[in-house]
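# Observations on chain architecture
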Amino acid sequence: MLTIGDKSFNSRLFLGTGKYPNFDMQKQAVDVSETDVLTFSVRRMNIFEPSQPNFLEKLDVEKYSLLPNTAGAKTAEEAVRTAKLANASGLCDMIKVEVIGDDKTLLPDPIETLNATEELVKEGYTVLPYTSDDVVLAQRLEEAGAHAVMPGASPIGSGRGIVNALNLSLIIEQLTVPVIVDAGIGSPKDVVTAMELGGDGVLLNTAVSAASDPVKMAEAMKLATEAGRLGYEAGRIPKKRYATASSPMEGISV
C-alpha cells in the first residue's frame, strides 16, 4: 500500500476529474480506474452556492480521498488561502500545492511553492507540492515537511511524457517521502516508465479525459500503474551490449 502522511491507499494512480466530455463518462472512467484519490481545483467548486452545478455530483465522493489543489494561485499567500477554503468547506485536510510561475509553460514557481509548503505544514495540513523536476528543490520541499513531492514529467497537459528521466530518477533515489509523478503523462507507456523508475505513484487527468475513449484509457492507466510497479519490485535484468543465450549450453552433450 502507498502511505502519505496518515493516509494509506491501495491504488497508486491518482486521477483528475476535469475536462471529461460529460459527467457520466467521468464517472465510468473513475470507476474503472479503481483509483483511491481524486484531485480537482478548489476554484472550480461552487462551495458557497449549493444551487450551482457540482462537477463531482455523479461520484460517490465518500469512497475516495479527495485531493483539492490550489490551481490558479500565483503566490504562496493565494495558495494558503485556497487550501484553508478547501479545509473549511470540509473537502479534505490533504492539499496539492500548485503555484504557477509561468503562464505559457505552466511551470511552478519554486520559491512560492516552497513558501506555501512550509506554511501549510506548520498549520497541520498533509501537503503534496507540485514541482518541476529540479532535484534540489525536491529535497528542499521534503526538508520543509512535505508529505509527498509531485514532480512533473513534462508541462501540464502536454502529453509529452517523461522528458527528463534522469532527474526524476535522482529525485526518487534521494527522497524518503513518496514521489508521485505528475503532469505531462500522455500514454500508458509513460506511466509504466514512471513506475519502473521507482515512482510511488502517478497523477494524471488530461491523458484520460481527453482520450478518444476515456473509459478504456482509464483502465489502461490502471493496468500500466500496476505493471510498472510490479516490474520495479521484480527488478529488471541489466542491459548488455551483446546477446546472451536464453537456453544455456552447459551440460548439453553434442
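By the naming in an unreviewed UniProt entry, the protein goes by Thiazole synthase and is assigned to Lentibacillus salinarum. If you open the UniProt record of the protein and go to Pathway (unreviewed entry), you find "Cofactor biosynthesis; thiamine diphosphate biosynthesis." Here the protein is described in UniProt, under the heading Subcellular location (unreviewed entry), as follows: "Cytoplasm".

Right, let's get into the packing of aromatic side chains. Considering all chains together, one arrives at 1 aromatic pair under this definition. For the pair Phe 9 and Phe 14, a centre-to-centre distance of 5.9 Å together with 75 degrees between the ring planes defines the contact as edge-to-face. For Phe 9, a relative accessible area of 2% gives the class buried. A residue is classified by how much of its surface remains accessible, and Phe 14, at 1% relative accessible area, is buried. The ring centre of Tyr 130 lies 5.4 Å from the NZ or CZ of Lys 96, which sits over that ring.

Phi is positive for Leu 106, which is not a glycine, with a value near 60 degrees. By the element assignment, Leu 106 lies in the loop between β6 (94–97) and α3 (110–122). Looking at Leu 106, the relative accessible area reads 31%, which means it is partly exposed. Within the chain, Ala 183 stands out as a residue other than glycine whose phi angle is a positive 80 degrees. Topologically, Ala 183 is positioned in the loop between β9 (180–182) and α6 (188–196).

By the secondary structure assignment, Ser 11 is in the loop between β2 (7–9) and β3 (13–16). There is a polar contact of 3.1 Å between the side chain of Ser 11 and the backbone nitrogen of Leu 13. Once you skip the residues sitting within four places of it in the chain, Ser 11 turns out to touch Glu 34, Thr 35 and Asp 36.

Another aspect to go through is the side chain of Thr 113. By the secondary structure assignment, Thr 113 is in helix α3. You can call Thr 113 buried: its relative accessible area is 1%.

Moving on, we get to the UniProt feature "active site" (unreviewed entry) in the protein. As annotated by UniProt and renumbered to match this structure, "active site" (unreviewed entry) occupies Lys 96. As for its position among the elements, Lys 96 is in strand β6. In this structure Lys 96 touches Thr 39, Leu 67, Pro 68, Asn 69, Thr 70, Leu 128, Tyr 130, Met 150, Asp 182 and Leu 203, once residues within four positions along its chain are discounted.

Another point: the packing of helix α1 (residues 23–33) against helix α8 (residues 214–234). Geometrically, a packed helix pair is captured by the angle between its two axes and the distance between the axes. The contact between α1 and α8 brings their axes to 8 Å, and the two run at 20 degrees. Between α1 and α8, the angle is such that the two are roughly parallel. Our pair here, α1 against α8, has a crossing hand that is right-handed. Note on element contacts: α8 touches α1 through Pro 214, Val 215, Ala 218, Glu 219 and Lys 222, opposite Met 25, Gln 28, Ala 29, Val 32 and Ser 33. Residue composition of the contact of α1 with α8, grouped by class: 6 nonpolar, 2 polar and 2 charged.

Quick notes on the rules
Residues numbered from 1 in each chain as written. Predicted model: local features only at pLDDT ≥ 70, side-chain atom pairs only at ≥ 80, totals over all residues. Heavy atoms only, no water. UniProt positions renumbered as here; feature names shortened; annotations may be inferred. Phe/Tyr/Trp six-rings, centres within 6.5 Å; stacked < 30°, edge-to-face > 60°. Buried < 20%, exposed > 50% of the residue type's maximum accessible area, 1.4 Å probe, protein only. Lys NZ or Arg CZ within 6 Å of the ring centre and 35° of its normal. Helix = DSSP H or I, 4+ residues; strand = E, 2+ residues; numbered from the N terminus. Polar contact = N/O pair within 3.5 Å; in protein donor to acceptor, adjacent residues only side chain to side chain. Contact = heavy atoms within 4.5 Å. Axes fitted to C-alpha atoms, helices over the stretch in contact; angles between N-to-C directions. Parallel < 35°, antiparallel > 145°, perpendicular 65-115°, else oblique. Left-handed = near helix turned anticlockwise from the far one by under 90°. Nonpolar A, V, L, I, M, F, W, Y, C, P; charged D, E, K, R; others polar.

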